[in-house]
Amino acid sequence: MTASRYFKINDNRIELSMQPRERIILALDVAEYGEAVRIVNKFKKHIDVFKVGSELFTSVGPKLVEKIHSAGKKVFLDLKFHDIPNTVAKSAVAAARLGVFMFNVHTLGGLEMMKQAAQALRKVSLKENVERPRIIGVTILTSIDQAALRDELGVSLRMSAQVKHLAGLAHNAGLDGVVASPEDAERIRSHYGKDFLIVAPGIRPSWAAADDQKRTLTPKEALRRGADYLVIGRAVLSQPDPVKALKRIEEEIENFS
Ligand code: C5P
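Please read these numbers as outputs of a predicted model, since none were measured by experiment.

## Examining the overall build of the chain
- The secondary structure content of the chain amounts to 12 helices and 10 strands.
- Scaling as 2.2 N^0.38, a compact globule of 257 residues should have a C-alpha radius of gyration of about 18 Å, and the chain matches this with 17 Å.
- Taken along its principal axes, the extent of the C-alpha atoms in the chain is 45 × 40 × 35 Å.
- Residues counted as buried form 51% of the 257 residues belonging to the chain.
- Of all intrachain contacts in the chain linking residues separated by at least 6 positions in sequence, the fraction that spans at least 24 positions is 69%.

## Overview of the site of the ligand
- Neighbouring the ligand are 15 residues; Asp-29, Lys-51, Arg-204, Gly-233 and Arg-234 lie closest to it.
- Taking Thr-142, its side chain carries an N or O atom lying 3.1 Å from a nitrogen atom of the ligand.
- At a separation of 2.9 Å, an oxygen atom of the ligand approaches a polar side-chain atom of Gln-213.
- Burial of the ligand by the protein chains amounts to 88% of its free accessible area of 470 Å².
- Listing elements by their share of the shell around the ligand, those giving two or more residues are strand S5 (74-81) and strand S10 (229-232).

## Quick notes on helix H12 (residues 242-252)
- Looking only at H12, the buried set comprises Pro-242, Val-243, Ala-245, Leu-246, Ile-249 and Glu-250. Buried residues of H12, seen end-on, are gathered within an arc of 160° and therefore sit on one face of the element. Along H12, exposed side chains directed more than 90 degrees from the buried face belong to Lys-244 and Glu-251.
- Of the surrounding elements, those touching the buried residues of H12 are helix H1 (20-23), strand S3 (24-27), helix H2 (33-43), helix H10 (219-224), S10 and helix H11 (234-237).

## Brief notes about the packing of helix H6 (residues 111-128) against helix H8 (residues 159-172)
- For the pair H6 and H8, the least separation of the axes is 8 Å and the interaxial angle reads 35°. Of the two possible hands of crossing, H6 and H8 adopt the one that is right-handed. Facing H6, whose interface residues are Leu-111, Met-114 and Lys-115, H8 presents Leu-169, Ala-170 and Asn-172.
- Residue composition of the contact of H6 with H8, by class: 4 nonpolar, 1 polar and 1 charged.

## Focus: the environment of Ile-140
- Note that Ile-140 resides in the loop between strand S7 (134-138) and helix H7 (146-151).
- The class of Ile-140 is buried, set by a relative accessible area of 5%.
- Remark: the alpha-carbon pair of Ile-140 and Val-52, spanning 88 residues in sequence, is separated by 19 Å.

## Considering the packing of aromatic side chains
- Applying the stated criterion across every chain, the model contains 3 aromatic pairs.
- With a centroid separation of 6.2 Å and 75° between ring planes, the pair formed by Phe-101 and Tyr-229 is classed as edge-to-face. Here Tyr-229 lies in strand S10 and Phe-101 lies in the loop between helix H5 (85-98) and strand S6 (102-106), a separation of 128 residues in the sequence. When sorted by exposure, Phe-101 lands in the same class as Tyr-229, which is buried.

## Some thoughts on helix H9 (residues 185-192)
- Listed as buried for H9 are Ala-185, Ile-188, Arg-189 and Tyr-192. The buried residues of H9 occupy one face: seen down the axis, they fall within an arc of 100°.
- The positive-phi residue at the C-terminal boundary of H9 is Gly-193, with phi of around 85°.

## Brief notes about the side chain of Asp-78
- Positionally, Asp-78 belongs in strand S5.
- Contact partners of Asp-78, with chain neighbours within four places excluded, come to Lys-51, Val-52, Gly-53, Ser-54 and Asn-104.

## Here's the deal with unusual backbone geometry
- With phi around 55°, Asn-129 is a residue other than glycine that occupies positive phi space.
- Within the secondary structure, Asn-129 sits in the loop between H6 and S7.
- Of note, the phi angle at Asp-211 is positive, near 55°, even though the residue is not glycine.
- Take Asp-211: it is sitting in the loop between strand S9 (197-200) and H10.
- With relative accessibility at 45%, the residue Asp-211 sits in the partly exposed group.

Definitions and cut-offs
- Residues numbered from 1 in each chain as written.
- Predicted model: local features only at pLDDT ≥ 70, side-chain atom pairs only at ≥ 80, totals over all residues.
- Heavy atoms only, no water.
- Helix = DSSP H or I, 4+ residues; strand = E, 2+ residues; numbered from the N terminus.
- Rg over C-alpha atoms; globule rule 2.2 N^0.38 Å.
- Buried < 20%, exposed > 50% of the residue type's maximum accessible area, 1.4 Å probe, protein only.
- Contact = heavy atoms within 4.5 Å.
- Near = heavy atom within 4 Å.
- Polar contact = N/O pair within 3.5 Å; in protein donor to acceptor, adjacent residues only side chain to side chain.
- Areas by Shrake-Rupley, 256 points an atom, 1.4 Å probe, with all protein chains shown as cover.
- Arc of directions from axis to C-beta.
- Axes fitted to C-alpha atoms, helices over the stretch in contact; angles between N-to-C directions.
- Left-handed = near helix turned anticlockwise from the far one by under 90°.
- Nonpolar A, V, L, I, M, F, W, Y, C, P; charged D, E, K, R; others polar.
- Phe/Tyr/Trp six-rings, centres within 6.5 Å; stacked < 30°, edge-to-face > 60°.

Have a look at this one:
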């Protein structure tokens, strides 16, 4: 894997050489403002990007995003927008105005939805001089396995083909990348090139429990397959010594800096 990638900020290509700490996004999967702030304070020396998901955002709202920004850290707003194009485009503008570093939409919302969101972002960032957040498409959740894809969602394609198809839609719509299982990273990277970001949840070091995730890989293997960012929650926060667990993961991925 190459040591650096390019990606676009306000449509300029910028080279980014990523250290292990920059590759790990810590998932703040808690419901209370105070608890989230405690985690941010504990990890701000070690982590650059914190993920704010639907539980936390629904409970506490934008004030937590502002708090993370005031600590000099970045936010991945993981609200997985999935609605009609007009609504998602307006949500994208709201995310840009919040100043988040990254947010996501469901690729299953379709090409037009993703296109309009990406276009709205470009417009608002130019007009209001705000930094354009990376917009990332969720392919198939890492908690869904092949049987659920077929029997519950009624998709007859194999998982890998379905993920590749959805990643292609995101690419065509002008998104910056996708959220995908680390198992699919290699395939996505080989089809959509080095500028297309791959954000991988479902990360489990060999010493951590799988919990509800079905398609998991170790941090090192996920990076080896081409993931740019690793979203990690319980493998750090549920450990007896979370900071030690994070350091252990950082050591495991050191070679990829
Ligand atoms: O605790 P764990 O590391 O499994 O947490 C993974 C995080 O990544 C959770 O916050 C979950 O919502 C999020 N996520 C995911 N699968 C996706 C997209 C996001 O697990 N496809």
